[in-house]
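# Working through the structure, step by step
Each chain, letter by letter, is given below.
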Amino acid sequence: MTVISLISSTKCFGGLQKIYSHQSKELTCEMKFAVFLPAAADDRRLPVLYWLSGLTCNETNFIQKAGAQRYATEHNIIIVCPDTSPRNVNLPGEDDSWDFGSGAGFYVDAMQEPWSKHYRMFSYVTQELIDVVNNNFPTVANKLSIAGHSMGGHGALICALKNPGLYKSVSAFAPISNPTKCPWGEKAFGGYLGTDSKEEWNNWDATQLVAGYNGPPLELYLDQGSEDSFLKDGQLLPQNLVDACRAAQVPCVLNMREGYDHSYFYIASFIGEHIAYHARHLQ
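Residues numbered from 1 in each chain as written. Predicted model: local features only at pLDDT ≥ 70, side-chain atom pairs only at ≥ 80, totals over all residues. Heavy atoms only, no water.

### Here we look at the packing of aromatic side chains
Following the criterion strictly, the structure yields 20 aromatic pairs and no others. Between Trp51 and Phe173 the ring centres are 5.9 Å apart and the planes differ by 55°, which places this aromatic pair in the tilted class. Of this pair, Trp51 sits in strand β4 (residues 46-52) while Phe173 sits in strand β7 (residues 170-173), and the two are 122 residues apart along the sequence. Neither Trp51 nor Phe173 differs from the other in exposure class; each is buried. Pairing Phe189 with Trp201 gives two aromatic rings, centres 5.9 Å apart and planes at 80°, and the pair type is edge-to-face. Of this pair, Phe189 sits in helix α5 (residues 183-193) while Trp201 is found in helix α6 (residues 198-201), placing the two residues 12 residues apart along the sequence. Among the aromatic residues, those joined into a cluster by ring pairs are Trp51, Phe62, Phe173, Tyr260, Tyr266 and Phe270. One Lys or Arg, Lys162, reaches over the ring of Phe122 and ends 5.5 Å from the middle of that ring. (Phe/Tyr/Trp six-rings, centres within 6.5 Å; stacked < 30°, edge-to-face > 60°. Helix = DSSP H or I, 4+ residues; strand = E, 2+ residues; numbered from the N terminus. Buried < 20%, exposed > 50% of the residue type's maximum accessible area, 1.4 Å probe, protein only. Lys NZ or Arg CZ within 6 Å of the ring centre and 35° of its normal.)

Below is the structure:
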């Protein structure tokens with residue numbers, strides 16, 4: 001069993017908001033993750049919602065800004081928030097820019113040196129972290145869902161699409177929906193997957209993946225603020241994903257939120273709806 005070390009524990013809405021560290025075999029470095037345990041976890045096993053955060057974030061942003069603990073307590077759901085990349089692995093250029101390297105793992109398994117040794121966030125999130133959580137906390141092992149924001153919304157979508165049946169539901173706030181067609185994605189995929197491997201890029205793009213989805217029924221539950229500057233700059237491209245879902249007959253909901261931007265003020269406004277959505281699938 002993986003040894004986890006408690007960093008902090010804070011009472012919140014009757015439960016406990018904790019942060020742990022552990023040595024990741026997948027990423028070959030120390031990783032941190034946050035876990036919120038509602039009071040109900042004291043006497044029974046609960047389902048788990050995994051939250052993947054966006055560019056520049058770590059394991060603390062969501063737990064400090066979204067107000068999700070209130071709703072996790074209401075619905076008796078454990079919430080787990082990993083960091084967004086390996087840290088302090090001493091790769092050249094890992095801290096040179098905010099949208100690549102540290103804080104910007106993009107939830108892919110890198111194929112290019114030197115990133116391929118450590119930057120395996122997809123396998124970390126979908127395999128190792130799940131095992132660590134199930135082995136250390138009172139979870140219902142086969143009841144898990146996934147959600148995220150921006151880069152993490154992209155991550156949530158590909159984790160669900162590439163692992164049919166693993167997650168009961170998936171939702172995404174302002175996801176990078178078509179990364180092979182936007183500047184953020186092109187930079188990240190070129191660096192992690194290789195500029196000569198554009199066919200491989202499609203294997204990490206939700207808009208491309210829906211065409212080949214072959215698993216249990218899965219609805220993509222998307223949320224987008226109309227005043228999001230990154231939407232206007234062409235980084236997010238949600239309509240491309242909606243159109244791909246329609247063509248592939250994959251159910252998709254896009255909630256357009258008039259006047260909202262890309263920030264945690266927006267996430268906090270609607271996180272209750274998302275947790276209620278996942279709760280219905282996790283019953």
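On we go.
### Considering the environment of Asn76
Relative to the elements of secondary structure, Asn76 occurs in the loop between α2 (68-75) and β5 (78-82). For Asn76 and Leu37, which are 39 residues apart along the polypeptide, the C-alpha to C-alpha distance reads 8.6 Å. When sequence neighbours within four positions are dropped, the list of residues in contact with Asn76 reads Pro38, Ala40, Arg44, Leu46 and Pro47. (Contact = heavy atoms within 4.5 Å.)

### Quick look at the UniProt feature "active site" (unreviewed entry) in the protein chain
The UniProt record annotates "active site" (unreviewed entry) at Ser150, Asp228 and His262. The annotated residues occupy 113 residues of the chain but converge on a single region, no pair of C-alpha atoms lying more than 10.9 Å apart. Among the structural elements, Ser150 can be located in the loop between β6 (139-149) and α4 (151-161). The buried category is assigned to Asp228, whose relative accessible area is 0%. Sequence-distant contacts of Asp228, that is, excluding residues within four places in its chain, are made with Ala174, Leu236, Tyr260, Asp261 and His262. A distance of 3.2 Å separates a polar atom in the side chain of Asp228 from a polar atom in the side chain of Gln224. (UniProt positions renumbered as here; feature names shortened; annotations may be inferred. Polar contact = N/O pair within 3.5 Å; in protein donor to acceptor, adjacent residues only side chain to side chain.)

### Brief notes about the packing of α2 against helix α10 (residues 264-282)
Each pair of packed helices gets described by two things: the angle between the helix axes and the distance between those axes. One way to put it is that α2 packs onto α10 with a least axis distance of 9 Å and a crossing angle of 30°. Classified by the angle their axes make, α2 and α10 are roughly parallel. The interaxial crossing formed by α2 with α10 has right-handed handedness. When α2 is examined against α10, the residues Ala68, Tyr71, Ala72 and His75 are found in contact with a partner set consisting of Ile271, Gly272, Ile275, Ala276 and Ala279. A class-by-class count of the residues in the contact of α2 with α10 yields 7 nonpolar, 2 polar and no charged. (Axes fitted to C-alpha atoms, helices over the stretch in contact; angles between N-to-C directions. Parallel < 35°, antiparallel > 145°, perpendicular 65-115°, else oblique. Left-handed = near helix turned anticlockwise from the far one by under 90°. Nonpolar A, V, L, I, M, F, W, Y, C, P; charged D, E, K, R; others polar.)

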